[in-house]
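Listed below are the residues making up each chain.
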Amino acid sequence: MTFILSGAAVSQTVTPTPLPDPYWVAFSSDAAKLIGLTTSPNQWPTDSAWLQVLAGNGLLVEGANFSNPIATAYSGHQFGMWAGQLGDGRAILLGDIQGQEIQLKGAGKTPYSRMGDGRAVLRSSIREYLCSEAMHALGIPTTRALAVVGSKQKVIRETVETAAVCTRLAPSFLRVGHFEHFASLQMHAELQMLADDLIGNFYPTCGDSTAPYLELFKAISARTAHLAAQWQAVGFCHGVLNTDNTSLLGLTMDYGPYGFLDQFQINHICNHSDSGGRYSYQRQPQILHWNMACLASAMLPLIEQELKQANVSMSENDLSNTAQTALRSAIALYPEIYQTAWEAHFRAKLGLLESQSDDVTLIESLLQLMHHNQIDFTTFFRHLANLSTLPSSNQNKVLRDQFLNRDGFDAWLLRYRTRLQQEHSNDQARKQRMNLVNPKFILRNHLAQAAIEAAQADDFSELSRLATILCNPFDEQLEYDAYAQPPPPELNSIEVSCSS
Ligand code: AMP
Ligand code: MG
C-alpha cells in the first residue's frame, strides 16, 4: 500500500461501520482479476466472507487480512475556492492486493466525515460502479469498481434512500488535494514523502532526473492533459472537477453527478448544482489545467528544495523566483500536450490517418454544426463510419437528415470527402478503424436510471445486463441496439444532483 504515515493530519486508523444484512447488488469479475479473484462473468464470489468484508462487516477473507484500515486527510479547492481540510469522509482503505488498493466507499463515518454520515446511497453507488467499469472498457484511465453491496438500512438524502457500499480499486487514490493538504499546513517532510512515494511507485523515470520533483509535476500534468483529451473525445463530463477529485495518477475518479453527452452541446452542464457552469463540457480541459496550477503551487517548496541542493550559493529570494519560473514553464506545457492529444483523438474519430494543417478547422466546424443542430454525439460518429466516399451514395442520407442545416452539413461533407480522397482512404478499412475508437454504447443517464430504479426494487438483472453491454462498447452487439439509441425526448433532461 502506498503512503501510510501516521498522525491525524495525514491518516487515521478507522473501523468500517457494519452494514446490516448486506446483499450483492453488482460484481465486476473483470475488476476482480486485478486482485487475483476469479469468478464467472459478473458473478459474485461464492465465499460469503467477501460479502461481509465488502459490506464493512469483517476484515478477514481468504488470502487477505485487512487489519489496519485507514482514512486519509486531504484538502482542496472546491468550485474554485479554497475549502480547507476535507479527507476520506466515507472512504476507507482496507489494504492492497497485487498492487491494487481496496477502498470501501460508504462504509461509515471516519475522522474526516465532518457533518456527513459516512454512507453512500444505492443510487450513487450503482452510478459509480457502472461508470468506472464503462470508462475502463472505453480505454480511459479510471479507478475501478469491484462491487456494490446493498442493505435495507435507511439513509436520508433529499428523500429517504437505502445504503450501499461501492468497493473501488486503484493503484493509488492519491489526489491533488493530498499535496495541497500538506502544503497548506507547511508539512514539508510529508510533502516530500508523498512526492517520493509517487516517484518510487508510479513515476520511476522522474527519479533519474536532476530535478525529480519538477519532472514529477510535469509527468502528472501530462497524464492529466491526456485524460482531459480522452474525456472530450468520448463526451464525458465529470461534473465536480474539484482538486480533491483530481487524481495524481491521471485517473478518472470520484464519480458523482457525471454525464455523457447525448446531443452535442458544447456548454453542457451535467451537475444540477453547478449553476455557473464551471465544470461544463467545454471547460473541463482548462479546469484541469487550473487544478494543475494548484498542484504546482503546493509543490513549490519541493522545487525550491531541489534547487537549493543543486545551487547551494543561491539566495533564498533567487531560489524562490527560480522555482516559480520553472513551475510556470512546466504549467505552460499542458495546453500543447492537451491540444495535440485532442487533435489526435478527433482525427481518429474521423478515421483520418495523416495530420494536416487545417484539421482543427475541419473538426471544429463539425462540432459547431453538431452543436447548432443538436446532433447525438455518439451515434453520429458511429454512423459516420458508414459514410461512402462516393458523392451520390444513399448511405449518407441517414447522416444528412439529422441536420436542420443541410447546406451546412453538405459543405462540411464536401471538405471531409476531399480530405479522405487526398488520403486515398478505403471505406471499409476506415470503417473498421473508426469503430475501434467511436463507441456504439456509452452510459447514457436514462440507461443508468432504468438500472437504478429496477435495483431499488431488488431486481438487479437490468444492472447486470447494462454492465455487460458497456464492457464491450465498441462491439456491434446487435441484440442490444436499443441501448445505443439517444434517449427519447421525455428522458432527455434527467438532472443529476450532487446528493449521493
Ligand atoms: P465529493 O463531492 O463526493 O467528492 O465529496 C467531497 C467531500 O465530502 C469528501 O471529503 C467526501 O469524503 C465528503 N463526503 C461526501 N459525502 C459524505 C458523506 N455522506 N459522509 C461523509 N463525508 C462525505
Ligand atoms: Mg471526492
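Please read all numbers here as calculations on a predicted model, not as lab measurements. (Residues numbered from 1 in each chain as written. Chains lettered and ligands numbered in written order. Predicted model: local features only at pLDDT ≥ 70, side-chain atom pairs only at ≥ 80, totals over all residues. Heavy atoms only, no water.)

Student: Tell me about the nonpolar core, and please be specific about residues and values.
Tutor: Grouped together as the largest cluster of nonpolar side chains are 122 residues, with contacts concentrated most on Phe179, Leu198 and Tyr416. Residue contributions to this core peak at 13 residues, all from helix α6 (residues 212–234). Beyond its immediate stretch of four places on either side in the chain, Leu198 contacts Leu174, Phe179, Tyr203, Leu216, Ile220, Leu248 and Leu249. Counting 33 residues, the second largest nonpolar core, distinct from the first, contains Leu19, Leu51, Leu94 and Ala147. (Core = buried A, V, L, I, M, F, W, Y, C linked by side-chain atoms within 4.5 Å. Buried < 20%, exposed > 50% of the residue type's maximum accessible area, 1.4 Å probe, protein only. Helix = DSSP H or I, 4+ residues; strand = E, 2+ residues; numbered from the N terminus. Contact = heavy atoms within 4.5 Å.)

Student: An account of the site of ligand 1 is needed here, citing residue identities and associated values.
Tutor: Near ligand 1 lie 16 residues; those nearest to it are Gly87, Gly89, Arg114, Asp117 and Gly118. Within the contact set of ligand 1, an oxygen atom lies 2.9 Å away from a side-chain nitrogen or oxygen of Arg114. Between ligand 1 and Asp117, the relevant distance is 2.9 Å, taken from a nitrogen atom to a side-chain nitrogen or oxygen of the residue. Across the complex, the protein chains shield 78% of the 480 Å² of accessible surface that ligand 1 would expose by itself. Of the residues contributing to the shell around ligand 1, the split by class is two nonpolar, seven polar and seven charged. (Near = heavy atom within 4 Å. Polar contact = N/O pair within 3.5 Å; in protein donor to acceptor, adjacent residues only side chain to side chain. Areas by Shrake-Rupley, 256 points an atom, 1.4 Å probe, with all protein chains shown as cover. Nonpolar A, V, L, I, M, F, W, Y, C, P; charged D, E, K, R; others polar.)

Student: Tell me about the pairing of strand β8 (residues 91–97), residues and numbers included.
Tutor: Across the seven residues of β8, six count as buried, placing the element largely inside the fold. Where β8 lies against strand β9 (residues 100–105), six bridges are found, and the strand directions are antiparallel. When the bridges of β9 are listed, Gly95 appears paired with Ile102. (Pairing = 2+ DSSP bridges.)

Student: How would you sum up the packing of helix α10 (residues 359–372) against helix α11 (residues 377–384)? Please name residues and give values.
Tutor: For the pair α10 and α11, the least separation of the axes is 11 Å and the interaxial angle reads 130 degrees. Compared by their axis directions, α10 and α11 come out oblique. Judged by the twist between their axes, the crossing of α10 over α11 is right-handed. From α10, Leu366, Leu367 and Met370 reach across to α11, where they touch Phe377, Phe380 and Phe381. Taken together, the residues of the contact of α10 with α11 sort by class into six nonpolar, no polar and no charged. (Axes fitted to C-alpha atoms, helices over the stretch in contact; angles between N-to-C directions. Parallel < 35°, antiparallel > 145°, perpendicular 65-115°, else oblique. Left-handed = near helix turned anticlockwise from the far one by under 90°.)

Student: Give me the lowdown on the environment of Leu414, citing residues and values where you can.
Tutor: Tracing the backbone shows Leu414 in helix α13 (residues 406–422). Taking the C-alpha atoms as reference points, Leu414 and Tyr23, 391 residues apart in sequence, are found 56 Å from one another.

Student: An account of the confidence of the model for the protein chain is requested, with residue identities and associated values reported.
Tutor: Chain-level pLDDT for the protein chain is 95 on average; 98% of the residues reach the 70-or-more range. The secondary structure element of the protein chain with the lowest average pLDDT is helix α12 (residues 396–400), at 87, and the one with the highest is α6, at 99. (pLDDT = per-residue confidence, 0-100.)

Student: So what's going on with the packing of aromatic side chains? Residues and values would help.
Tutor: On inspection of all chains with the given rule, the structure shows 22 aromatic pairs. Taking 5.4 Å as the distance between ring centres and 65 degrees as the angle between the ring planes, the aromatic pair formed by Phe236 and Phe260 counts as edge-to-face. Taken together, the positions of Phe236 in strand β13 (residues 236–237) and Phe260 in strand β14 (residues 259–260) put the pair 24 residues apart, joining distant regions of the chain. No difference in accessibility class separates Phe236 from Phe260, as the two residues are buried. Among the aromatic residues, those joined into a ring-pair cluster are Phe264, Tyr281, Trp342, Phe346, Phe377, Phe380, Phe381, Phe403, Phe409, Trp412 and Tyr416. One cation-aromatic arrangement involves Arg127 over Tyr258; the distance from NZ or CZ to the ring centre is 4.1 Å. The aromatic ring of Phe381 is capped on one face by Lys349, whose charged end is 4.5 Å from the ring centroid. (Phe/Tyr/Trp six-rings, centres within 6.5 Å; stacked < 30°, edge-to-face > 60°. Lys NZ or Arg CZ within 6 Å of the ring centre and 35° of its normal.)

Student: Break down the pattern of salt bridges for me, with residues and values.
Tutor: One side chain can pair with another of opposite charge once the charged atoms of both are near each other. Inspection of the entire model under this criterion finds 25 salt bridges. Measuring nitrogen to oxygen at the nearest pair gives 2.8 Å for the salt bridge that ties Arg419 to Asp359. Linking Arg419 in helix α13 with Asp359 in helix α10, this pair joins segments that are 60 residues apart in sequence. Overall, the relative accessible area of 1% leaves Asp359 in the buried class. A salt bridge links Arg465 to Glu462; its shortest N-O distance comes to 2.3 Å. Of the two residues, Arg465 and Glu462 are both situated in helix α16 (residues 461–470); the distance of three residues between them amounts to about one turn of the helix. Overlapping salt bridges bring together Lys105, Glu128, Arg168, Arg175 and Asp254 as one network. (Salt bridge = Lys/Arg side-chain N within 4 Å of Asp/Glu carboxyl O.)

Student: So what about helix α8 (residues 316–331)? Which residues, and what values?
Tutor: Across its 16 residues, α8 extends 22 Å between first and last C-alpha, which sits within 8% of the 22 Å expected from 1.5 Å per residue. Regarding α8, the residues found buried are Leu319, Ser320, Ala323, Leu327, Ala330 and Ile331. What you see down the axis of α8 is that its buried residues fit within an arc of 100 degrees, all on one side. Exposed positions of α8 whose direction lies more than 90 degrees from the buried face are Asn317 and Arg328. Along its buried surface, α8 packs onto α6, α7 (284–310) and α9 (334–349). (Expected span 1.5 Å × (residues − 1). Arc of directions from axis to C-beta.)

Student: Now, about the environment of Ser247: what can you tell me, with residues and values included?
Tutor: Locating Ser247 in the fold gives a position in the loop between β13 and β14. Residue Ser247 is classed as buried on the basis of its relative accessible area of 2%. Among the polar contacts made by the side chain of Ser247, one reaches the main-chain amide nitrogen of Leu249 at a distance of 2.8 Å. In terms of polar contacts, Ser247 uses its side chain to reach the backbone amide nitrogen of Gly250, at 3.2 Å.

Student: Describe helix α4 (residues 176–184), listing the residues and the values that go with them.
Tutor: For α4, the buried fraction is high: seven of the nine residues fall into the buried class. For α4, every residue scored as buried is listed here: Val176, Gly177, His178, Phe179, Glu180, His181 and Phe182. Buried residues along α4 sit in contact with β5 (70–72), β6 (75–78), β7 (81–85), α5 (188–201), α6 and α7.

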